[in-house]
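# Observations on the three-dimensional arrangement
Here's the letter readout for the chains.
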Amino acid sequence: MKALVVEGPGSISLREVEIPASAGECLIRVTTAGICGTDLQILDGYADFHGVPGHEFVGVVESTPSTSDTAWIGQRVVADINIGCRRCERCAAGVKEHCANRKVVGIRGHDGAFAEYVTVPIENLHAVPDAIDDRTAVFVEPVAAACRILEQLALDDHSRIAVVGDGRLGLLIGQVLRTITPHVVVLGRHPEKLEIARALDLRIGDGKQDVGRFDVVVDATGRPEGIHRALELVRPRGTVVMKSTFHGEATVQSWPIVVNEVTIVGSRCGPFHRAIELLASGVVRTAPLVSAVMTFDQYQMAFEWARRSLKVLFAVQPESV
Ligand SMILES: [Zn+2]
Ligand SMILES: [Zn+2]
């Protein structure tokens, strides 16, 4: 099969490799995959990942490890990317995304979906309803990450929220939070991305007249400066949600956090079922975010585009072969 393989920082190539041995996991024929900021960081050396990257994907189940699971075969699916060790306290408590020995599809110790086939454990699968096409289904993983905020904070329709960052994650978070409160504003500085935000009926602002007045500020800039801006905007006793996982350090003055009694919340992976509901109902829209759809042969251009635009997808295999 064709696969994009990372050999080290800055080094990725398209190769012909063996279809992965399923080793107790389901084999998925990948139909569409999305390039995420984390993939670009992996290309730059983050997490010292070697192997096949890619963790936003949709595909069709080709085989299952046990004959009792064959109902999944032929099913269109997306998959939760965290694979716990199944032995530790955190796995027993159902939080495999914090298992110290976890594997993460395409990010940590497990090959990902920039390939014609990928394997994942059966318990990670989620069926994709017909209402969600492939190009939308690749957004389930990032929309789930946005939905994580709903699990972490008690928000209501009075909550005043700023989302700092007009990138792919910021525009998804803005739409997800808007399902709870109308007082959501997206702050960004890229005219072409803000144009897309407007097309999604998101409220755009610069936050200037509301400095120090937001109940919740989400940093989705992907840059070290994001936390500074978030701390300026949040009200005393407000909450800053950190969604940026850039590779490097952010230096912050810590006294305003203390003096203003700000709660800082780290936020990562979230519930797939909720993301699937929001995408199936059309409440969260993703089509305007897709900048380009390319093939693996165009991978260099695809990664280059992904750095400068919102979402670049790979069309990998047809749904049926
Ligand atoms: Zn991602
Ligand atoms: Zn574990």
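Numbering of residues starts from 1 in every chain and runs along the sequence as written. Chain letters start at A and ligand numbers start at 1, both assigned in the order the entries are written. Per-residue local features of the predicted model are confined to residues with pLDDT of at least 70, and side-chain atom pairs are confined, for both listing and counting, to 80 or more; whole-chain, interface and lining totals are unaffected and use all residues. Water and hydrogen atoms play no part in the side-chain values, which are based on all heavy atoms of the structure.

### Observations regarding the packing of aromatic side chains
Centres within 6.5 Å are what make two rings of Phe, Tyr or Trp a pair, Trp counting through its six-membered ring; a difference in plane orientation under 30 degrees is then read as stacked, over 60 as edge-to-face, and the rest as tilted. Summed over the entire model, instances satisfying the criterion amount to four aromatic pairs. Taken together, a centroid distance of 5.2 Å and an interplanar angle of 75 degrees make the contact between Phe-114 and Phe-314 edge-to-face. With Phe-114 in the loop between β8 (109-110) and β9 (117-120) and Phe-314 in strand β18 (residues 311-315), the pair connects residues that are 200 residues apart, well separated along the chain. Here the two residues Phe-114 and Phe-314 agree in accessibility, since each one is buried. Three or more aromatic residues link up through ring pairs in this structure, and these residues are Phe-114, Phe-296, Phe-303 and Phe-314. When the ring centre of Trp-305 is taken as reference, the NZ or CZ atom of Arg-308 above it lies at 5.9 Å. For helices the rule is a DSSP run of H or I covering at least 4 residues; for strands it is a run of E covering at least 2, with both sets numbered from the N terminus onward. Think of it in three bands: with a 1.4 Å probe and only protein chains considered, a residue is buried below 20% of the maximum accessible area for its type, exposed above 50%, and partly exposed in between. Ring-over charges, as used throughout, are those where CZ of Arg or NZ of Lys falls within 6 Å of the ring centre and within 35 degrees of the ring normal.

### Overview of the coordination of the zinc ion (ligand 2)
Water is absent from the atoms considered, so a metal site may look incomplete; donors are defined as N, O and S atoms within 2.8 Å of the metal, or 3.2 Å for Na, K and Ca. Here the zinc ion (ligand 2) is held by Cys-85 (SG), Cys-88 (SG), Cys-91 (SG) and Cys-99 (SG), and the distances to it run 2.3 to 2.4 Å. Given four donor atoms and angles of 102 to 119 degrees at the metal, the environment of the zinc ion (ligand 2) is assigned as tetrahedral. In the primary structure, the donors to the zinc ion (ligand 2) are separated according to the pattern C-x2-C-x2-C-x7-C. The class of Cys-85 is buried, set by a relative accessible area of 13%. The exposure class of Cys-91 is buried, given its relative accessible area of 17%. Square planar and octahedral sites, with four and six donors, are those where opposite donors lie more than 155 degrees apart and all other angles lie between 65 and 115, tetrahedral sites have four donors with every angle between 85 and 135 degrees, and the rest are irregular.

### Some thoughts on helix α7 (residues 226-233)
For α7, the set of buried residues is Gly-226, Ile-227, Ala-230, Leu-231 and Leu-233. Looking straight down α7, one finds its buried side chains confined to an arc of 165 degrees; they lie on one side. By definition in these notes, contact holds between two residues if any of their heavy atoms fall within 4.5 Å. Contacts made by the buried residues of α7 are with β11 (161-164), β12 (184-187), β14 (214-219), β15 (234-242), α8 (255-259) and β16 (263-266). Note that the arc is defined by the directions from the helix axis to the C-beta atoms.

### Section: the sheet that holds β8
Only when DSSP finds a minimum of two bridges between them are two strands counted as paired. If you trace the three strands from one edge of the open sheet to the other, you get β6-β7-β8, paired in mixed fashion. Each of the sheet's edge strands pairs with one partner strand only, and the pair in question is β6 (82-83) and β8.

### Topic: the sheet that holds β16
An order of β13-β12-β11-β14-β15-β16 is seen for the six strands of this open sheet, with the pairing classed as parallel. Pairing within the sheet leaves two strands with one partner each, and these edge strands are β13 (203-205) and β16. For this sheet the average axis-to-axis angle between neighbouring strands, irrespective of direction, equals 25 degrees. In this fold α7 packs onto β11, β12, β14, β15 and β16, with an angle of close to 150 degrees to the strand it touches most, β15. Convention adopted: a line fitted to C-alpha atoms gives each axis, helices being fitted over their contacting stretch, and angles between N-to-C directions are expressed from 0 to 180 degrees.

### Some points on the coordination of the zinc ion (ligand 1)
Around the zinc ion (ligand 1), the protein contributes the donor atoms Cys-36 (SG) and His-55 (NE2), at 2.0 to 2.2 Å from the metal centre. Here Cys-36, found in the loop between β3 (26-34) and α1 (37-43), pairs with His-55, found in the loop between α1 and β4 (56-63); they are 19 residues apart in sequence, far enough to count as distant. Residue classification places His-55 among the buried positions, given a relative accessible area of 2%.

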